Amino acid sequence: MNLFEGLVAAVFFVVAVLLTAYIGYLATDLTKLKYIFEATRHAGCRTALNTSGPIVVSSCVHFYFNGSFVVKIYNITTGYPYAS
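None of the values given here were measured: they were computed from a predicted structure.

**Student:** I'd love a proper account of the overall build of the protein, names of residues and values included.
**Tutor:** When you go through the protein residue by residue, the secondary structure sums to 1 helix and 2 strands. Burial statistics for the protein: of 84 residues in total, 13% are counted as buried. In the protein, once contacts between residues fewer than 6 apart in sequence are set aside, the share between residues at least 24 apart is 42%.

Encoded structure:
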């Protein structure tokens with residue numbers, strides 16, 4: 001095996017490692033986006049008062065009359081599911 005073949009093999013190995021890491025990053029990001037999509041799809045305004053988390057997935061606007069018109073806006077938030 002000459003020096004050129006060894007260099008090509010090393011370059012291919014580095015490219016394979018980088019592509020594997022990048023595909024893992026994309027899979028993790030896709031999982032997070034899928035979680036946010038599902039949380040948004042199943043969000044309900046009746047649970048808006050007791051939600052907590054760093055990601056706003058939906059907003060609810062409540063209108064009611066209590067001697068005057070009152071408008072309250074609630075953010076439905078969630079967090080990423082982390083395994084412990």
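That shown, we press on.
**Student:** I'd like a description of the confidence of the model for the protein, backed by residues and values.
**Tutor:** Averaged over every residue, the pLDDT of the protein is 77; the share at 70 or more is 71%. Mean pLDDT per element in the protein: strand β1 (residues 55–65) is the minimum at 72, and helix α1 (residues 3–41) is the maximum at 88.

**Student:** Account for a nonpolar patch on the surface, naming residues and giving values.
**Tutor:** Judged by side-chain polarity, L7, V11, F12, V15, L19 and I23 come together as a nonpolar surface patch covering roughly 600 Å² of accessible area. Examined against the element boundaries, V15 turns out to sit in helix α1. Using a relative accessible area of 40% as the deciding quantity, one classes V15 as partly exposed.

**Student:** Tell me about the environment of V61, and please be specific about residues and values.
**Tutor:** Within the secondary structure, V61 sits in strand β1. You can call V61 partly exposed: its relative accessible area is 45%. With residues near it in sequence (within four places) discarded, V61 still touches V71, K72 and I73.

Reading the values: the criteria
- Residues numbered from 1 in each chain as written.
- Predicted model: local features only at pLDDT ≥ 70, side-chain atom pairs only at ≥ 80, totals over all residues.
- Heavy atoms only, no water.
- Helix = DSSP H or I, 4+ residues; strand = E, 2+ residues; numbered from the N terminus.
- Buried < 20%, exposed > 50% of the residue type's maximum accessible area, 1.4 Å probe, protein only.
- Contact = heavy atoms within 4.5 Å.
- pLDDT = per-residue confidence, 0-100.
- Patch = residues over 30% accessible without salt bridge, like charges linked within 9 Å, V, L, I, M, F, W, Y side chains within 5 Å.
- Areas by Shrake-Rupley, 256 points an atom, 1.4 Å probe, with all protein chains shown as cover.
- Salt bridge = Lys/Arg side-chain N within 4 Å of Asp/Glu carboxyl O.

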